[in-house]
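Given next are the chains, with one letter for each unit.
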Amino acid sequence: MFRRLGTGRARAAIAAAAALALVGGGGYAAGPASAATSVVDGFEGNPYTNWSTRDTPGDSFVWLGDHTQSRTGINSGHFYAPFDVPARAYRPVVVDRPSPNPSWCYAEAWLKRAPVWHNNPGTEKKPRVSLVIRNGLVVVGGTTYTLENFEYRRAPFASFRYRQPDLTVDISVTNGMAYVDDVTVWCVQEIG
Amino acid sequence: MSLDQPTRHLRRGPSRGVAAAAALVLAVAGLTVASPAHAEPLPINDGFDGDPASRWTVSTVPGITNVFLGNDARYARPGSGTGVALLGAYPGAPATATISRTIFPDTAGPRNVRVRVYVRRFINEGEKDPSVQVMMRVRQGTRNGQIISNMGRAVVTTANWELHTFHPARPTGAFTVEIAAYLGTAIIDDVQIGVG
């Protein structure tokens with residue numbers, strides 16, 4: 001199970017569901033994102049088209065690509081940061097408002113702790129995964145998880161009122177090795 | 001060895017000779033830049049013979065990853081000369097041992113490029129990881145350019161050479177072929193860069 005350090009609000013809402021697919025890419029700046037009512041990004045294709053990565057060789061490492069540890073498809077995000085220097089990936093997301101009415105948005109990802117093979121049994125660290133969604137520099141939601149399990153678990157990390165379409169999803173890992181897959185952002189119209 | 005007790009020491013490499021040669025390469029880690037500014041017709045076959053350091057750029061993190069480029073018949077692919085590349089990354093380290101070669105093709109327009117490489121794993125004494133991760137990329141332009149082809153392979157066996165073909169790429173003008181090892185040691189030989 002995850003240990004959830006932050007909590008995102010869950011709001012009753014329903015209607016036009018939108019699924020944002022973040023499909024992504026890295027090492028530098030990503031291209032402009034096109035609008036969608038929902039985004040789901042499983043890092044498929046060439047993820048470096050959309051994702052930017054930040055790591056510090058020797059202290060942290062990010063790999064976005066094909067891996068046997070992917071949850072869906074063939075790609076996933078691999079993050080390894082044994083200490084406090086983060087392994088990061090982020091991408092822009094543009095989400096259309098589902099309707100003129102008040103809308104609520106949600107974000108989630110699937111996370112998995114990775115075994116570090118050279119460690120002695122019982123000494124493995126539990127990676128901390130910080131998932132944040134922001135508008136510019138303004139954080140609109142986010143949660144930090146400490147991963148304990150070696151299987152994928154769903155990790156909701158934000159719920160927020162829709163204000164503007166331009167968002168950025170930011171993933172940051174410290175204290176261990178983790179996989180991330182199927183990052184999803186979607187907005188729905190609230191029941192009046 | 002635990003990550004709680006990090007080490008910056010490399011495990012013993014394939015041989016003392018290789019280690020010594022790798023140390024020499026490490027001395028210029030990340031700084032060796034080949035810049036063949038002249039146009040090169042495709043295909044290119046590079047078995048790391050001759051003076052590979054003049055063609056390939058090495059990127060390492062001193063103390064935890066290393067690269068050996070040169071002649072060592074013990075590790076080279078049989079029948080293809082004695083040149084070889086050994087890419088070593090300490091299994092617990094968040095870093096890669098990387099080589100890259102920038103190609104300036106003799107035509108400037110976009111073209112489909114096919115890259116193939118022979119890979120074999122080397123297991124250092126006491127290594128527990130089930131595989132070495134080998135990452136193969138093509139970048140537009142030089143070695144910091146946009147990644148336009150990206151592929152990773154877990155290489156398990158030490159017994160056989162595996163032929164891997166990069167994901168298709170369509171660069172315009174100059175492009176860079178990048179090969180990296182992560183969480184282990186890989187032996188690389190006979191890189192083929194052609195039109196596909």
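Residues numbered from 1 in each chain as written. Chains lettered and ligands numbered in written order. Predicted model: local features only at pLDDT ≥ 70, side-chain atom pairs only at ≥ 80, totals over all residues. Heavy atoms only, no water.

> Can you lay out the overall build of chain A for me, pointing to particular residues and giving the numbers?
Scanning chain A from N- to C-terminus turns up zero helices and 14 strands. Overall, chain A shows an N-to-C arrangement of helices and strands of β-β-β-β-β-β-β-β-β-β-β-β-β-β. Taken as a whole, chain A presents about 7900 Å² of accessible surface, with 55% of it coming from carbon and sulfur. (Helix = DSSP H or I, 4+ residues; strand = E, 2+ residues; numbered from the N terminus. Areas by Shrake-Rupley, 256 points an atom, 1.4 Å probe, with all protein chains shown as cover.)

> Tell me about the overall build of chain B, and please be specific about residues and values.
The helix and strand inventory of chain B stands at one helix and eleven strands. N-terminal to C-terminal, the α/β element order of chain B is α-β-β-β-β-β-β-β-β-β-β-β. When burial is assessed residue by residue, chain B has 57% of its 196 residues classed as buried. Across chain B, the fraction of contacts at a sequence separation of at least 24, relative to all contacts at a separation of at least 6, is 75%. Working note: accessible area of chain B is about 7900 Å², and carbon and sulfur atoms make up 54% of it. (Buried < 20%, exposed > 50% of the residue type's maximum accessible area, 1.4 Å probe, protein only. Contact = heavy atoms within 4.5 Å.)

> Now, about the environment of Gly194 of chain B: what can you tell me, with residues and values included?
Examined against the element boundaries, Gly194 of chain B turns out to sit in strand β11 (residues 184-195). Contact partners of Gly194 of chain B, with chain neighbours within four places excluded, come to Leu42, Pro43, Asn112, Val113 and Arg114 of chain B.

> Describe the pattern of salt bridges, naming the residues involved and giving the relevant values.
Residue and element names in this part refer to chain B. Counted according to the given criterion, the structure contains 17 salt bridges over all chains. Here Glu178 makes a salt bridge to Arg137, at a shortest N to O gap of 3.5 Å. Here Glu178 is found in strand β10 (residues 175-182), whereas its partner Arg137 is found in strand β7 (residues 132-140), with 41 residues between them in sequence. The class for Glu178 is buried, based on a relative accessible area of 9%. In this structure, a network of salt bridges that share partners links the residues Glu40, Asp46, Arg55 and Arg101. (Salt bridge = Lys/Arg side-chain N within 4 Å of Asp/Glu carboxyl O.)

> Provide a residue-level description of the sheet that holds strand β8 (residues 147-155) of chain B, including the pertinent values.
Residues and elements named next belong to chain B. Spatial ordering of the open sheet is given by β2-β5-β10-β7-β8, a layout of five strands whose pairing is antiparallel. At either margin of the open sheet sits one strand with a lone partner, and together these are β2 (57-59) and β8. On average, each strand axis in the sheet is inclined to that of its neighbour by 15°, with strand direction left out of account. By the bridge criterion, eight bridges tie β7 to β10 in an arrangement that is antiparallel. Each residue of the ladder has a partner; that of Arg139, found in β10, is Thr176. (Pairing = 2+ DSSP bridges. Axes fitted to C-alpha atoms, helices over the stretch in contact; angles between N-to-C directions.)

> I'd love a proper account of the state of the cysteines, names of residues and values included.
Here a disulfide denotes one covalent bond, and it connects the sulfur atoms of two cysteines. Residues and elements named next belong to chain A. Enumeration over the complete set of coordinates arrives at one disulfide over all chains. Covalent S-S linkage joins Cys105 and Cys187, the inter-sulfur distance amounting to 2.1 Å. In this structure, the disulfide formed by Cys105 and Cys187 twists by about 100° around the S-S bond and is classed as right-handed. With Cys105 in strand β9 (residues 103-113) and Cys187 in strand β14 (residues 176-189), the pair connects residues that are 82 residues apart, well separated along the chain. Note on Cys187: relative accessible area 0%, which makes it buried. (Disulfide = S-S within 2.5 Å.)

> Requested: an account of the packing of aromatic side chains, with residues and values cited.
This model, assessed by the stated rule, comprises five aromatic pairs over all chains. Between the aromatic rings of Tyr75 of chain B and Phe122 of chain B, the centroid separation amounts to 5.9 Å while the plane-to-plane angle is 80°, which identifies the pairing as edge-to-face. Here the residue Tyr75 of chain B occupies a position in the loop between β3 (65-71) and β4 (83-89), and Phe122 of chain B occupies one in strand β6 (residues 113-122), the gap between them amounting to 47 residues. Accessibility classification places Tyr75 of chain B together with Phe122 of chain B in one group, the buried group. Over the aromatic face of Trp110 of chain A sits the side chain of Arg71 of chain A, whose NZ or CZ is 3.5 Å from the ring centroid. (Phe/Tyr/Trp six-rings, centres within 6.5 Å; stacked < 30°, edge-to-face > 60°. Lys NZ or Arg CZ within 6 Å of the ring centre and 35° of its normal.)

> I'd like a description of the nonpolar core, backed by residues and values.
Where a protein is soluble and globular, its nonpolar side chains tend to be buried together. Judged by nonpolar contacts, the single largest core of 49 residues is most densely connected at Phe79, Leu111, Leu131, Ile133 and Ile171 of chain A. Here this core gets seven residues from one element, more than from any other, and that element is β14 of chain A. Once residues within four sequence positions are removed from consideration, Ile171 of chain A is found in contact with Phe43, Trp51, Phe79, Ala87, Arg88, Ala89, Val129, Ser130, Leu131, Val180 and Val183 of chain A. In terms of nonpolar packing, the next biggest core, distinct from the first, is built from 32 residues, Ile44, Ala85, Val115 and Ile193 of chain B among them. (Core = buried A, V, L, I, M, F, W, Y, C linked by side-chain atoms within 4.5 Å.)

> For the pairing of strand β10 (residues 128-135) of chain A, give the residues involved together with the corresponding values.
Residues and elements named next belong to chain A. For β10, a buried count of six out of eight residues is recorded, marking the element as mostly surrounded by other parts of the structure. Direction of pairing for β10 relative to strand β11 (residues 138-146): antiparallel, over a ladder of eight bridges. Across the sheet, the residue bridging to Val129 is Tyr145, located in β11. Counted along the chain from β10 to the antiparallel partner β11, the turn is two residues long, and its residue Gly136 has a positive phi close to 65°.

> Residues and numbers for the confidence of the model for chain B, please.
Should the pLDDT be low somewhere, the predicted coordinates at that spot are not to be read in detail. Residues and elements named next belong to chain B. Summarising the model, chain B shows a mean pLDDT of 83, and 81% of its residues fall at 70 or more. Of all the helices and strands in chain B, helix α1 (residues 16-27) carries the lowest mean pLDDT, 39, while β2 carries the highest, 98. Under a pLDDT of 50 for its full length, residues 1-35 has, in the predicted model, 84 contacts with residues more than four places off or in other chains. (pLDDT = per-residue confidence, 0-100.)

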